[in-house]
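Inside the fold
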Protein chains: 2
Amino acid sequence: MNKYQLLAYVKHFVSLDDIEAEQFASCFEEVKVKKRQFIVQPNFTNKHRSFVVKGAFRAYTIADDGQDHTLQFAIENWWVSDFNSYIYQHPATLFIVALEDSTILQIEYSKEQELKKINHKFETFFRIMAEKGLAFEHRRILFNLTHSAEARYENFLLNFPNFVQRVPQYALASYLGMTTEFLSRIRNKRTKKS
Amino acid sequence: MNKYQLLAYVKHFVSLDDIEAEQFASCFEEVKVKKRQFIVQPNFTNKHRSFVVKGAFRAYTIADDGQDHTLQFAIENWWVSDFNSYIYQHPATLFIVALEDSTILQIEYSKEQELKKINHKFETFFRIMAEKGLAFEHRRILFNLTHSAEARYENFLLNFPNFVQRVPQYALASYLGMTTEFLSRIRNKRTKKS
DNA sequence: CTTATTTCTTAAACTACTTCATATTTATTG
DNA sequence: CAATAAATATGAAGTAGTTTAAGAAATAAG
């Protein structure tokens, strides 16, 4: 199993010696996931945190009116989970589905707890992950509160150009808080302009 | 200075002996803040993380069109900061203002880094804070994506009844992503019903 | 306790975005 | 490579929430 990608990522935030690196990596299992396959489903507890080695995922919920709403996308070097389900180990509310044939590295909840216990550095790593995630979501919430549908799309294009090509339009629309029809119009207007 | 409240809070998440507790608490400074006074302002780096001992705060931004949008409220036993400014130590984009005469305990950025370095438990504590915050914002984003203005207000009433009385309506409206006029209508409709 | 300031209310006109319905294009499968 | 399904596009009608404006109520300040 190739864990260099994960370790390269981790070493960007904490420095690990060879023994620590091996210890960390050995807690992960490689899993191949086919397009349209689910790795998390509502009512089942999300037992793993997943690091995307290759591929793309979408985390979403289905509202009472039947429409879906996307909380998160993940491609190479992103983490994905139903975070509320994972950290509290209670039933998930999200679906997480592969948008492409993918490879992920998964760590089980109890193994992560162990890692964090045995080595301060591992604790630091997961602290940094959570802080970056929280800072990201703060920026997202503020941007959503302060901008129109069109501005939200423009901003996404600017910040995540590589996601745009790999994510279906209806999913992106639901991430940005608009209908797929409205996003279609925004895109159409844009291409006519340029 | 009375730090029992902070320590009681911290001990809810990590167990500290007397020495550790003293070490942790000694990094905080008590600050009194008058109503309408700012503890964070745009363009100045947010140098402290603040624990609310008594009082209430509001973190918000002013959009290009001049309207304000609230990211967060904080009352007793909540933390408040411009989190992006604090963790990356770059200029803030938020205003944080006292909604009442308040008392807070502030820790400076560099002291927090030191605490996290010297004792695994302190690292764990801040990791848990970040994780809880991230899980909270995930729930918020999902709820906002999936519910109408009225449902968002009802949900806030249900989850944070104690905030509602202490927060001006225009601020609550801007937190929930609607105008104060519209929230006024929602409230009026509700009181007529019951 | 009077005046000034801030916050909340109400109503009417407006608009950004949704809904619905159907056509078109792109992707998937036997 | 047909045939079927899934995703996107487009127009017309509808609506949730905004905007503007003006008055009423509450709070703060002299």
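Above this text you will find the structure in question.
Not measured: the values here are computed from a predicted model. The written sequence of each chain sets the order in which its residues are numbered from 1. As a convention, the first chain written is A and the first ligand written is 1, with the rest following in written order. Totals for whole chains, interfaces and linings use every residue, but because this is a predicted model, local features are given only for residues with pLDDT of at least 70 and side-chain atom pairs only at 80 or more, for both listing and counting.

1. Brief notes about the nonpolar core
- Grouped together as the largest cluster of nonpolar side chains are 88 residues, with contacts concentrated most on Phe57 of chain A together with Phe57 of chain B.
- Contact partners of Phe57 of chain B, with chain neighbours within four places excluded, come to Val52, Phe73, Ala74, Val80, Ile96, Val97, Ala98, Leu99 and Ser102 of chain B. The term nonpolar core refers to a group of buried residues, namely Ala, Val, Leu, Ile, Met, Phe, Trp, Tyr and Cys, whose C-beta atoms join them within 7 Å. Three exposure classes are used, all based on how many other C-beta atoms lie within 10 Å of a residue's own C-beta (placed from the backbone): buried at 20 or more, exposed at 12 or fewer, and partly exposed between those limits. With C-beta atoms placed from the backbone, a contact is any residue pair whose C-beta atoms sit within 7 Å.

2. Points about the sheet that holds strand β6 (residues 79–80) of chain B
Residue and element names in this part refer to chain B.
- With antiparallel pairing, the four strands of this open sheet are ordered in space as β1-β8-β3-β6. Each edge of the open sheet is held by one strand with a lone partner, namely β1 (28–33) and β6.
- One ladder, built from six bridges, connects strand β3 (residues 48–54) with strand β8 (residues 102–108); its direction is antiparallel. From the neighbouring strand, Ser50 faces β8, where its bridge partner is Gln106. Pairing between two strands requires that DSSP report at least two bridges joining them. Numbering of helices and strands starts at the N terminus; helices are DSSP runs of H or I of at least 4 residues and strands are runs of E of at least 2.

3. Concerning the relation of the copies chain B and chain A
- Superposing chain B onto chain A takes a rotation of 180 degrees combined with a translation of 0.0 Å along the rotation axis, leaving an RMSD of 0.0 Å. The superposition of one copy onto the other is thereby described by a two-fold rotation axis.
- Of all interface residues in chain B, 100% are interface residues in chain A too; the two copies therefore contact each other through one and the same surface. What sets the superposition is a least-squares fit of C-alpha atoms, and only residues with pLDDT of at least 70 in both copies go into it.

4. Some words on the packing of helix α5 (residues 120–146) of chain A against helix α5 (residues 120–146) of chain B
- Close contact between α5 of chain A and α5 of chain B brings their axes to 8 Å; oriented N to C, the two are set at 30 degrees. Classified by the angle between their axes, α5 of chain A and α5 of chain B sit roughly parallel to one another. Crossing angle aside, the handedness with which α5 of chain A passes α5 of chain B is left-handed.
- Lys, Arg, Asp and Glu make up the charged group, whereas Ala, Val, Leu, Ile, Met, Phe, Trp, Tyr, Cys and Pro make up the nonpolar group; the residues left over, Gly among them, are polar. In the contact of α5 of chain A with α5 of chain B, the residues fall into eight nonpolar, eight polar and ten charged. Axis geometry follows a simple rule: fit a line to the C-alpha atoms, using only the stretch in contact for helices, then measure angles between N-to-C directions, giving values from 0 to 180 degrees. Working rule for angles: under 35 degrees goes down as roughly parallel, over 145 as roughly antiparallel, 65 to 115 as roughly perpendicular, anything else as oblique. For any helix crossing, the convention is left-handed if the near helix is rotated counterclockwise from the far helix by under a right angle, and right-handed if that rotation is clockwise.

5. Thoughts on the protein's contact with DNA strand C
- A molecule or strand has a residue near it when that residue's C-beta atom, placed from backbone coordinates, lies within 6 Å of it. In the vicinity of DNA strand C there are 16 residues, among which Ala149 and Phe182 of chain A together with Gln169, Ser184 and Asn188 of chain B approach most closely.
- Sort the elements by how many residues they give to the surface near DNA strand C and helix α9 (residues 180–193) of chain B lands first, with six residues.
- Here the residues of the surface near DNA strand C are counted per class, giving five nonpolar, six polar and five charged.

6. Points about the protein's contact with DNA strand D
- Near DNA strand D, the surroundings consist of 16 residues, among which Gln169, Ser184 and Asn188 of chain A together with Ala149 and Phe182 of chain B are the closest.
- Taken together, the elements giving at least two residues each to the surface near DNA strand D come down to α8 (169–176) and α9 (180–193) of chain A together with α6 (149–159) and α9 of chain B.
- Sorting elements by how many residues they give to the surface near DNA strand D places α9 of chain A first, with six residues.
- Residue composition of the surface near DNA strand D, grouped by class: five nonpolar, six polar and five charged.

7. Observations regarding the interface of chain B and chain A
- At the junction of the two partners, chain B supplies 26 residues and chain A supplies 26 residues.
- Put simply, the parts of the chain that give the side of chain B that touches chain A at least two residues each are β5 (68–74), α3 (83–88) and α5 of chain B.
- Here the side of chain B that touches chain A takes 18 residues from α5 of chain B, the largest share from any one element.

8. Here's the deal with the environment of Asn144 of chain A
All names here are of chain A.
- Relative to the elements of secondary structure, Asn144 occurs in helix α5.
- Residue Asn144 is classed as partly exposed on the basis of its 19 C-beta neighbours within 10 Å.
- For the pair formed by Asn144 and Leu71, sequence separation is 73 residues and the distance between their alpha carbons is 13 Å.
- When near neighbours in sequence (up to four residues on either side) are disregarded, Asn144 contacts Arg152 and Gly177.

9. A word on the sheet that holds strand β1 (residues 28–33) of chain A
Residue and element names in this part refer to chain A.
- Spatial strand order, β1-β8-β3-β6: four strands in an open sheet with antiparallel pairing. Every other strand in the sheet has two partners, leaving β1 and β6 (79–80) as the edge strands with one partner each.
- In terms of strand pairing, strand β3 (residues 48–54) meets β6 through two bridges, oriented antiparallel. Residue pairing across strands places Phe51 opposite Trp79, the latter belonging to β6.

10. Describing the environment of Leu105 of chain B
All names here are of chain B.
- Within the secondary structure layout, Leu105 lies in strand β8.
- On the basis of neighbour count, Leu105 is assigned to the buried category, with 23 C-beta atoms found within 10 Å.
- Excluding residues that lie within four positions of it along the chain, Leu105 makes contacts with Lys3, Leu6, Phe28, Glu29, Glu30, Phe51 and Val53.

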